[in-house]
Amino acid sequence: MASPKPKSSTSSLQKSNRAPAKKVVRRPKRFKSAYTPAEMEEIFRRFSVQRPEPKGELEHVNPFTLVVAVALSAQATDAGVNKATRGLFKVADTPEKMLALGEEGVIEHIKTIGLYRNKAKNVIALCRMLIDEFGSQVPRTREELTRLPGVGRKTANVVMSMAFGIPTLAVDTHVFRLGNRLLMAPGKTPDEVEEQFLKVIPEQYLFHAHHWLILHGRYTCKARRPECEHCVIADLCRSPEKSCDIPAPLVELPPQLIGAGAAVEGE
């Protein structure tokens with residue numbers, strides 16, 4: 001049997017001198033809006049004509065009750081939260097009064113809302129922090145707001161906008177859906193969708209953009225079936241789910257009914 005050939009020292013040296021294979025780094029896809037800046041301008045112009053002064057539909061009487069209402073609204077409808085908090089805010093519209101109720105007292109008012117036990121616990125902890133660290137005042141910055149128990153980035157953005165007039169974009173289920181469905185601001189997470197929306201929403205429309213998108217998603221571009229025949233941007237929409245190319249008449253809608261007479265959220 002022939003003995004194996006010894007490996008050439010030159011061959012081994014050549015192999016050892018080879019540069020290591022370059023590691024392929026996959027760069028994330030760069031976001032590209034399906035709309036031109038002019039189209040985005042027109043979309044939000046129409047929203048502004050339809051609802052010149054859009055409002056959030058959570059009932060509240062001050063920044064403190066707004067924080068509580070938004071925190072309670074996680075995985076719940078605005079209508080359901082409003083029903084529960086009407087009685088609660090009548091007796092507890094400050095951190096001190098809420099703390100005096102205690103967890104069980106809060107639960108008595110909010111037990112119709114999902115996850116009510118955990119939410120009551122967070123509300124009481126939130127009140128303690130507001131009293132101990134913020135002089136019973138709701139802070140104005142996102143960093144401070146998100147330190148409060150039960151307050152995430154979305155809640156902080158809503159409070160900054162509605163309570164203090166700071167332009168932000170809170171991404172709830174409706175805004176997240178529209179960002180992806182309409183190809184305006186696709187993203188896998190609410191933070192990604194927020195980042196992308198902030199790149200494409202014209203600056204002059206940013207303050208009300210959050211509410212325009214929520215209301216459009218709640219009453220027109222619904223989760224189960226988009227009502228494209230009632231959509232004022234049907235001709236501009238790039239959604240693959242679109243069923244109509246003719247926009248609805250662009251007229252100002254009747255004033256929003258906030259409270260007991262308001263329409264129940266569709267999802």
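Only a predicted model underlies this, so the values are computations on that prediction, with no experimental measurement involved.

*Asks:* Account for the layout of surface pockets, with residues named and values stated.
*Replies:* Any empty space left between atoms is shown by rolling a water-sized probe over those atoms. Approximately 530 Å³ is the volume found for the largest pocket. Ser-73, Lys-154, Asp-172, Thr-173 and Ile-214 are, among the 32 residues lining the largest pocket, the residues nearest its centre. Considered class by class, the residues forming the lining of the largest pocket number 13 nonpolar, eight polar and 11 charged.

*Asks:* Residues and numbers for the pattern of salt bridges, please.
*Replies:* Across all of its chains, the model carries 15 salt bridges by this definition. Ionic pairing is found between Lys-222 and Glu-227, a salt bridge with its closest N-O pair at 3.0 Å. Notably, a salt bridge pairs Lys-242 with Asp-245, separated by 2.8 Å at the nearest N-O pair. Judged by relative accessible area, which is 23%, Lys-242 ranks as partly exposed.

*Asks:* Any chance you could break down the environment of Lys-83 for me, citing the residues and the numbers?
*Replies:* Its place among the elements puts Lys-83 in helix H4 (residues 78-91). Taking C-alpha positions, Lys-83 is 9.2 Å from Glu-59, a pair spaced 24 residues apart along the chain.

*Asks:* Mind laying out H4, listing which residues take part and the relevant values?
*Replies:* Across its 14 residues, H4 extends 20 Å between first and last C-alpha, which sits within 8% of the 20 Å expected from 1.5 Å per residue. Along H4, the residues classified as buried are Asp-78, Val-81, Asn-82, Ala-84, Thr-85, Leu-88 and Phe-89. Of the surrounding secondary structure, the elements contacted by the buried residues of H4 are helix H3 (63-72), helix H5 (95-110) and helix H11 (206-219).

*Asks:* Talk me through empty space enclosed by the protein; I want residue IDs and the actual numbers.
*Replies:* Inspection of every chain in the model, using the stated rule, returns one cavity of 30 Å³ or more. Taken as a whole, the largest cavity encloses approximately 100 Å³ of empty space. Taken together, 15 residues form the lining of the largest cavity, with Cys-221, Pro-226, Cys-228, Cys-231 and Cys-237 sitting closest to its centre. Here the residues of the lining of the largest cavity are counted per class, giving eight nonpolar, three polar and four charged.

Conventions used here
Residues numbered from 1 in each chain as written. Predicted model: local features only at pLDDT ≥ 70, side-chain atom pairs only at ≥ 80, totals over all residues. Heavy atoms only, no water. 1 Å grid on protein atoms, 1.4 Å probe; cavity = no way out; pocket = protein on both sides within 12 Å on 5 of 7 lines; lining within 4 Å. Points joined across faces, edges and corners; volume = space filled by probe spheres on them. Nonpolar A, V, L, I, M, F, W, Y, C, P; charged D, E, K, R; others polar. Salt bridge = Lys/Arg side-chain N within 4 Å of Asp/Glu carboxyl O. Buried < 20%, exposed > 50% of the residue type's maximum accessible area, 1.4 Å probe, protein only. Helix = DSSP H or I, 4+ residues; strand = E, 2+ residues; numbered from the N terminus. Expected span 1.5 Å × (residues − 1). Contact = heavy atoms within 4.5 Å.

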